[in-house]
Amino acid sequence: DLVTSGATAQERIDRFRKTLDKAELGAYFYHLSEGVDNRARQHFLNLKDNDLIAEKLVGIHSLGLKKADLDELAAKGAKVVWSPFSNQLLYGKTIELKDLKASGVIFCLGCDWTPSGSKNLLQELKVAYHTNKVQQNVFNTFEISQMVTSMAAAVTGWEEQVGTIEINKMADLLVIKGNSTDPYMHLITATEKQVELVVVDGVARYGNPAF
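Numbers given for residues are sequential positions, taken from 1 along each chain in its written order. For a predicted model such as this one, the threshold for reporting local features is a pLDDT of at least 70, and the threshold for listing and counting side-chain atom pairs is 80 or more; totals across whole chains, interfaces and linings nevertheless cover every residue. In computing side-chain values, all of the structure's heavy atoms are included and hydrogens and water are not.

Enquirer: Go over the overall build of the protein chain, please, and point to the residues and values.
Expert: Put simply, DSSP marks the helices as runs of H or I at least four residues long and the strands as runs of E at least two long, and each gets a number from the N terminus on. The helix and strand inventory of the protein chain stands at nine helices and seven strands. Principal-axis analysis of the C-alpha atoms places the extent of the protein chain at approximately 60 × 40 × 30 Å. Looking at the protein chain as a whole, 41% of its 211 residues are labelled buried. For the protein chain, restricting intrachain contacts to residue pairs at least 6 apart in sequence, the fraction spanning at least 24 positions comes to 62%. A total of about 11,800 Å² of accessible surface is found on the protein chain, and carbon and sulfur atoms cover 53% of it. Think of it this way: Lys and Arg go in the positive column, Asp and Glu in the negative one, and His and the chain ends go nowhere. To locate a charge, take NZ of a lysine, CZ of an arginine, CG of an aspartate or CD of a glutamate. Each charge class in the protein chain was averaged separately, 23 positive and 26 negative side chains, and the resulting centres sit 3 Å apart. Exposed residues in this analysis have more than 50% of their type's maximum accessible area, buried residues have under 20%, and partly exposed residues fall in between, with area computed by a 1.4 Å probe over protein chains only. Throughout, a contact is declared for two residues whenever any of their heavy atoms are within 4.5 Å. Only the protein chains shown count as cover for residues, with accessible areas throughout obtained via the Shrake-Rupley method and a probe of 1.4 Å.

Next comes the structure, spelled out in structure tokens:
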């Protein structure tokens, strides 16, 4: 958490701002308001009060934020990483998805860390899908799939290289075994055993050798 009081406060604030201003930096990942009370939200307000809500800021969790706070992130071009499994396990709740969607803030899905998060995004997708269902299906299966593809690329600032299958991009591909009338639901329900192939920058890195 950013220290905004005491003898070194201004130095820390200046360092934070300098980092955000780095031209070569695509994104600055920062655990933001991880908690559900006013104390957690205050860390967002500390950034806001010091004009540190910026395009390169990526708030991991952002759990303690209110709708107006999410609107503020969106207005400044900041992003969010949503980690529903870790949120539910540690705090018993997660972000209100209707507020997240209504704000228009760019966000993606993330696992947090292994002690309280999923071990990979295939697991986290299932938690996200269940959470979305409990919250009255704010997102459809295509939008949930975007949380680990095109939106993830946008959060990191890598959308010109990865995130979608297009000419001149890096050809990062995940091939899942099986068939479904809804290919996005097929990804969401997939297990590790169904991974046939992983291609990174056009090179096969993992999977079924024959395939």
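Enquirer: Which residues make up the sheet that holds strand S6 (residues 195-200), and what values do they have?
Expert: Paired through backbone hydrogen bonds, the strands of a sheet run either parallel or antiparallel to each other. If you trace the three strands from one edge of the open sheet to the other, you get S5-S6-S7, paired in antiparallel fashion. With partners counted over all chains shown, the strands left at the sheet margins are strand S5 (173-176) and strand S7 (203-207), one partner each. Taken pair by pair, the neighbouring strands of this sheet meet at an average axis angle of 20 degrees, ignoring direction. Think of it this way: DSSP has to see at least two bridges between two strands before they count as a pair. Here S5 runs beside S6; their pairing, made up of four bridges, is antiparallel. Every axis in this analysis is a line fitted to C-alpha atoms, fitted for helices over the stretch in contact. Angles between the N-to-C directions lie between 0 and 180 degrees.

Enquirer: Go over the side chain of Thr131 with me, naming the residues and quoting the values.
Expert: Note on placement: Thr131 falls in helix H6 (residues 121-134). The residues touching Thr131, leaving out its near neighbours within four places in the chain, are Trp82, Pro84, Gln88, Thr94 and Leu97.

Enquirer: Describe the environment of Phe85, and please don't skip the residues or the numbers.
Expert: Position of Phe85 among the secondary structure elements: in helix H4 (residues 84-91). You can call Phe85 partly exposed: its relative accessible area is 31%. Measuring from C-alpha to C-alpha, the distance between Phe85 and Ser118 comes to 6.7 Å, with 33 residues separating the pair along the chain. Residues contacting Phe85, with those up to four places away along its chain left out, are Ser116, Gly117, Ser118, Glu124 and Val127.

Enquirer: Break down the pairing of strand S2 (residues 57-61) for me, with residues and values.
Expert: Most of S2 sits out of view: five of its five residues are buried. Sheet topology note: the strand S1 (residues 28-32)/S2 ladder contains five bridges and is parallel. Note on S2: the bridge partner recorded for Tyr28 is Leu57. With three bridges connecting them, S2 and strand S3 (residues 79-82) associate as parallel partners. Counted as the bridge partner of Val58 is Lys79 from S3. For the crossover that starts at S2, traverses helix H3 (residues 67-76) and ends in the parallel S3, the hand is right-handed. By convention a crossover is right-handed if, when the strands point away from the viewer, the path from the first strand over the helix to the second runs clockwise.

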